[in-house]
Amino acid sequence: MENTEGEVTPVPDRPAYLRIADTLREGIRDGSLPPGTRLPTIAELCEEHGVSEIVVRQAVTLLRGEGLVETRRGGGTLVKVIPPARRVAMDRYRAVTRPMAVPETTFTRDQRITWAEYRLDRVFTRVRADDDLGALFELPSGTELLRRRFVFYSRGEPQQISVNYLPWELVGDTPVSDPAREPWPGGTLAQLAYLGRPPTRVEESVRSRMPTPEEAETLRMTRGVPVLAITRRLLSRAEVMEVCRDIVLPADRVVLDYSIDL
């Protein structure tokens, strides 16, 4: 690099922790450090690179923040194993509205799991719509709603959180408001059909964000991984029957597929 007088100015060396992170990152990406591999210990990396423990910890923290490694208590730091992303397509909604030979929901279809491999944690509460929910429902603020928070498990592993709302006037004092009836074959779509309001339209908006601490803990996520947050509305003709705010999915576990017939 030249200065204004044409003299060559030395380029400063990259900080040691960045150089160590570069080396480890390259090994992860070229496969010489495959998923599940335990990284060298802090002491070994200090000796190899001639740096202090603080510098090595900075490098490892950087890689952890990128979602490339995870540190386990008593197990050292390992290259993160990222399972194949499941594909989530809009036509999954169409599938569960057809007659079912076996119980299923959009989630079990996405995960390709049996009913026995499916688990659903749930918390039901009665709330009133805030301004945002009122706008989504096209109803006045303060309208009574049933709030349902679900955590979805596939083969014992938490994969998804959703918080959805239904008008209390529609679901109050019906089996849909009873958490003991969950999981319900066919999910929310089947419940609305049971109530005589079968969905005729699905609307989704997707954004990415970092998870809240509670979401990251619930979904057992490593640091540095964002989530996809999907806001959904289910409509029956012109009426909004359900608002889901939000469906939360770890971004490294899912691919959203959308197709449009022209």
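First, a word on scope: everything that follows refers to the structure included in this document. Model, not experiment: these values are computed from the prediction.

### Digging into the nonpolar core
Right, on to step 1. Core analysis: the biggest nonpolar cluster contains 20 residues, and Tyr118, Phe152, Leu170, Val171, Val176 and Leu192 have the highest contact counts within it.
Right, on to step 2. Those elements that provide at least two residues to this core are β4 (118–128), β5 (144–154), α7 (168–171) and α8 (187–194).
Right, on to step 3. Apart from the residues lying within four places of it in its own chain, the contact partners of Val171 are Leu146, Leu166, Val176, Ser177 and Leu195.

### Looking at the packing of aromatic side chains
Right, on to step 1. Tallied over the full model, the rule gives seven aromatic pairs.
Right, on to step 2. Taking the centre distance of 5.2 Å and the plane angle of 65 degrees together, the rings of Trp115 and Tyr118 count as edge-to-face.
Right, on to step 3. Look at Trp115 and you get partly exposed, because its relative accessible area is 25%.
Right, on to step 4. A relative accessible area of 10% places Tyr118 in the buried class.
Right, on to step 5. Aromatic pair Trp184 and Tyr194: ring centres 5.4 Å apart, planes at 65 degrees, arrangement edge-to-face. Here Trp184 is found in the loop between α7 and α8, whereas its partner Tyr194 is found in helix α8, with 10 residues between them in sequence.
Right, on to step 6. The exposure class assigned to Tyr194 is partly exposed, which follows from its relative accessible area of 49%.

### Quick word on the environment of Gly186
Right, on to step 1. Considering the arrangement of structural elements, one finds Gly186 in the loop between α7 and α8.
Right, on to step 2. Overall, the relative accessible area of 2% leaves Gly186 in the buried class.
Right, on to step 3. Gly186 sits 78 residues away from Thr108 along the chain, and the two C-alpha atoms are 9.7 Å apart.

### Some points on the side chain of Ser236
Right, on to step 1. With respect to the element layout, Ser236 can be found in strand β8 (residues 227–236).
Right, on to step 2. Within the local environment of Ser236, its side chain forms a polar contact with the backbone oxygen of Pro198, the two atoms lying 3.0 Å apart.
Right, on to step 3. Residues contacting Ser236, with those up to four places away along its chain left out, are Arg197, Pro198, Pro199, Thr200 and Met241.

### A few points about the pattern of salt bridges
Pairing of side chains with opposite charge becomes possible as their charged atoms draw close.
Right, on to step 1. In this structure the tally under the stated criterion is 21 salt bridges.
Right, on to step 2. A salt bridge links Arg197 to Glu239, with the nearest nitrogen and oxygen atoms 3.4 Å apart. With Arg197 in the loop between α8 and β7 (201–209) and Glu239 in strand β9 (residues 239–250), this residue pair connects regions lying 42 residues apart in the sequence.
Right, on to step 3. Note that Glu203 is salt-bridged to Arg233, the shortest N-O span being 2.9 Å. Of this pair, Glu203 sits in strand β7 while Arg233 is found in strand β8, placing the two residues 30 residues apart along the sequence.
Right, on to step 4. Judged by its relative accessible area of 13%, Arg233 is buried.
Right, on to step 5. One network of salt bridges, with partners in common, ties together Glu138, Arg201, Glu203 and Arg233.

### What to know about helix α3 (residues 53–65)
Right, on to step 1. Helix length check: α3 (13 residues) gives 18 Å between terminal C-alpha atoms against 18 Å at 1.5 Å per residue, within 8%.
Right, on to step 2. The inward-facing, buried residues of α3 contact α1 (16–30), α2 (42–49), β1 (69–72) and β2 (76–79).
Right, on to step 3. Looking at the residues trailing α3, positive phi occurs at Gly67, about 80 degrees.

Cut-offs used in this document
Residues numbered from 1 in each chain as written. Predicted model: local features only at pLDDT ≥ 70, side-chain atom pairs only at ≥ 80, totals over all residues. Heavy atoms only, no water. Core = buried A, V, L, I, M, F, W, Y, C linked by side-chain atoms within 4.5 Å. Buried < 20%, exposed > 50% of the residue type's maximum accessible area, 1.4 Å probe, protein only. Helix = DSSP H or I, 4+ residues; strand = E, 2+ residues; numbered from the N terminus. Contact = heavy atoms within 4.5 Å. Phe/Tyr/Trp six-rings, centres within 6.5 Å; stacked < 30°, edge-to-face > 60°. Polar contact = N/O pair within 3.5 Å; in protein donor to acceptor, adjacent residues only side chain to side chain. Salt bridge = Lys/Arg side-chain N within 4 Å of Asp/Glu carboxyl O. Expected span 1.5 Å × (residues − 1).

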